[in-house]
Amino acid sequence: MTDGGRFDRLRLDGVTRRFGGSDALAGLDLTIERGEFITLLGPSGCGKSTALNCLAGLLPLTRGSIWRDETRLDTLPPEQRGFGMVFQNYALFPHMSVRKNIAFGLRMRRVARAEVRRRTEEAIRLVHLEAHADKLPGQLSGGQQQRVAIARAVVVEPSLVLMDEPLSNLDAKLRLEMRTEIRRLHQSLGLTTVYVTHDQEEALSMSDRLVVLRAGRVQQIGTPEQVHTRPANRHIADFMGFRNLLPVRVAEQAGDGVVVDGGGLRLTGSPVGGIGPGEPAVAAIRPEDVRIADQPGGGVEVTVEVVEYQGRELSAEVRTGDGVPLHLRTTRRLAPKDRIEIVLDPARLLVFPAEPDGAP
Amino acid sequence: MTPVAFRHRLAERGIDAQLLLLGPAAVFVAALFVYPFCYGIAVSLQPVEGGPFAAYQAFFRDAYQRDTIATTLRIALPAALLNVLASVPIAYRMRGRFRGKRVLTTVLVVPITLGTVLTAEGLLNFLGPTGWFNRVLLALGVVDAPVTLTHNYWGVFLSLVITGFPFAFLLVSSYLSGIDPSLEKAGAVLGAGWAQRFFRITLPLLAPGLATTFCLTFVLAFSVFPSAILVGDPSGTTRVISIAAYEAAYVRYDYAGGAAAAIIMGLVELVVIGVVLGLRSLLYTGSTAGGKG
Ligand SMILES: Nc1ncnc2c1ncn2[C@@H]1O[C@H](COP(=O)(O)OP(=O)(O)O)[C@@H](O)[C@H]1O
Ligand SMILES: [Mg+2]
């Protein structure tokens, strides 16, 4: 049995996992510093769970290696890695009470009986389950089961906590609460966490760093702000809420920016990646960065088609004279068939090469 | 109370029109099980001479008859136990997908299709004094004289294992596949080695299924008849209770005696099953899933 000991750095070196003929995870390189909250983000099927299971030792690697400081980890079975893991379906032992579930890891580590009791009670208090400690998991609500799963994973003071979409089975309100709760535990217990989600909002709000995956490949590694404001390619942009993606052609370089043409529009934006005049590109902008012009004559004339009420704001689909659809968000009251003028903020408009690395 | 409110009250207790769907099954059970059973009881209580319980008294007074209970239990209990215990590690190893799983499962399950008579035939040829098994042992010099494995206890025991194992294996496999594999993964990450995962997670969740499997294979073994005669020693160590019933009814034409033996056989089975299910109810018998979703 290992110490479960602290480390300074956990290094994934070209971690690859094949299923049948295709790579579910291809060459993941990542260094995790102690105390970091890292999120693997990507759409369903992009290899997030595969990456997590490889880290936990539940899936053997096809290629690559995992290092905890100078110790090679990927050859150790899961029970010797000293990690904690929260499964998407929680995987609570159905025949054990909440207390026994939480104590399980400590008992496997042959911690002294009194110590097991003390730490278990402490963990139960930490996740506010004092009133339910003697119930079986089947008698708990989804949110309570979730908290048991988290307590069971952190009570052993693991050197690394792995969480696989732990909030995806909860309702919206509980999801927000647990998000804060998980981040609070991460900070107060000084955990190092690798968190998996397909929800970009969750990822942005909780993480110190994001690893964006697509089809088993890393697309971008960066802080939430970096990924949010400067996605590395058009696919990440799409995933990060750049709902307006327009096929355009680069017209000219203009200082740091570029001018592009497409669909009867002439737009200015900042280029991401190298593109030269005449090349096909994709202009991307978020609905909230499309403004309605203050006075006539300042922007592009469009017709409102669909309006969705979203509380404080409206979300609207509009169409330009040339038939290009655009999405915008505004606090102005709009109605279908209204004719308005819009302005696309050049500082927030990103221009990506049309076909990054040859992929569609 | 209004009729609607009354219907609601009934529905809360699970009584509604859908219960009618049970009708065909109830008729089937009544015709094929309840009626013959009651008929058997009636026959057993009407002996040619003596009071209504004379046939039962005769059975228990005669050691030759009475001992068949112990003889049958001595064969059936160990055979059922072995079938269940042998199925567990094999079914456990065969969880998940691997190359050749279907072939292996087929090989393990084929004996079901053989039937007891064919199995007995095979055993006589294979394990008999001049069978391959003894010839190999003799040739290797392991033994000096042929080992007696037929026409005694072991012949019947082996035949019950061969025909009962596939049932036990199939049942245990399906109980195992109902246990969420992520539970053992969670155990592994929490530091449990394979033995701890098996004994603390899988086995407790499997145990109720094992009890049920034991009951089924026990009932199969307890009513052993053909192999007790064909590969056994039907007048001695393998004079099982079904032989006693058969002899009473069709050799001595004592129908009440035969029926009494059959009813006693059923009662002994009920007692064993009752004890096993009683123990089972002490176990955790709820869901074997690890949580929501
Ligand atoms: N056991 C498996 N056998 C075959 N293919 C698998 C297996 N597990 C995952 N995959 C494939 O690997 C890819 C990544 O899966 P996964 O890591 O579960 O995605 P995510 O968790 O991001 O939704 C998917 O295309 C999936 O079909
Ligand atoms: Mg997944």
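Coordinates for the structure precede this section.
Residues numbered from 1 in each chain as written. Chains lettered and ligands numbered in written order. Predicted model: local features only at pLDDT ≥ 70, side-chain atom pairs only at ≥ 80, totals over all residues. Heavy atoms only, no water.

1. Some words on the sheet that holds strand S4 (residues 63-68) of chain A
Residues and elements named next belong to chain A. Overall, antiparallel pairing links the 4 strands, which are arranged S2-S1-S4-S5 in an open sheet. A strand with exactly one partner marks an edge of an open sheet, and here the two such strands are strand S2 (22-33) and strand S5 (71-72). The strands touched by helix H1 (residues 48-56) within the sheet are strand S1 (9-19), S2 and S4, with S1 carrying the most contacts at an inclination of about 120 degrees. (Pairing = 2+ DSSP bridges. Helix = DSSP H or I, 4+ residues; strand = E, 2+ residues; numbered from the N terminus. Contact = heavy atoms within 4.5 Å. Axes fitted to C-alpha atoms, helices over the stretch in contact; angles between N-to-C directions.)

2. A short note on the site of ligand 1
Residue and element names in this part refer to chain A. If you check the shell around ligand 1, you find Phe19, Ala24, Pro43, Ser44, Gly45, Cys46, Gly47, Lys48, Ser49 and Thr50 and nothing else. Note that an oxygen atom of ligand 1 is positioned 2.5 Å from one of the side-chain N or O atoms of Thr50. Protein contact buries 56% of the 550 Å² of open area that ligand 1 shows by itself. Considering each element in turn, the shell around ligand 1 owes the most residues, 3 residues, to H1. Of the residues assigned to the shell around ligand 1, the class counts are 4 nonpolar, 5 polar and 1 charged. (Near = heavy atom within 4 Å. Polar contact = N/O pair within 3.5 Å; in protein donor to acceptor, adjacent residues only side chain to side chain. Areas by Shrake-Rupley, 256 points an atom, 1.4 Å probe, with all protein chains shown as cover. Nonpolar A, V, L, I, M, F, W, Y, C, P; charged D, E, K, R; others polar.)

3. What to know about the nonpolar core
Grouped burial of nonpolar side chains is what soluble globular proteins tend to show. Core analysis: the biggest nonpolar cluster contains 89 residues, and Leu10(A), Leu12(A), Leu55(A) and Leu162(A) have the highest contact counts within it. Residue contributions to this core peak at 11 residues, all from helix H10 (residues 194-222) of chain B. Leu129(A), Ala133(A), Ala149(A) and Met163(A) belong to the second-largest nonpolar core, a separate cluster that totals 34 residues. (Core = buried A, V, L, I, M, F, W, Y, C linked by side-chain atoms within 4.5 Å. Buried < 20%, exposed > 50% of the residue type's maximum accessible area, 1.4 Å probe, protein only.)

4. Some remarks on the packing of aromatic side chains
All names here are of chain B. Summed over the entire model, instances satisfying the criterion amount to 18 aromatic pairs over all chains. Between Trp154 and Phe157, the aromatic rings sit 5.6 Å apart at their centres with planes inclined by 80 degrees, giving edge-to-face as the arrangement. With Trp154 and Phe157 both in helix H8 (residues 153-177), this residue pair falls 3 residues apart, about one helical turn. You can call Phe157 buried: its relative accessible area is 10%. Centroid distance Phe214 to Phe218: 6.2 Å. Interplanar angle 10 degrees. Geometry classified as stacked. Of this pair, Phe214 and Phe218 both sit in helix H10, 4 residues apart, which is roughly one turn of the helix. Each member of the pair, Phe214 as well as Phe218, carries the same accessibility label: buried. Taken together, the ring pairs connect Tyr92, Phe198 and Phe199 into an aromatic cluster. Sitting over the face of the ring of Tyr92, Arg95 holds its NZ or CZ atom 4.1 Å from the ring centroid. Lying over the aromatic face of Tyr64, Arg239 brings its terminal NZ or CZ to 3.8 Å of the ring centre. (Phe/Tyr/Trp six-rings, centres within 6.5 Å; stacked < 30°, edge-to-face > 60°. Lys NZ or Arg CZ within 6 Å of the ring centre and 35° of its normal.)

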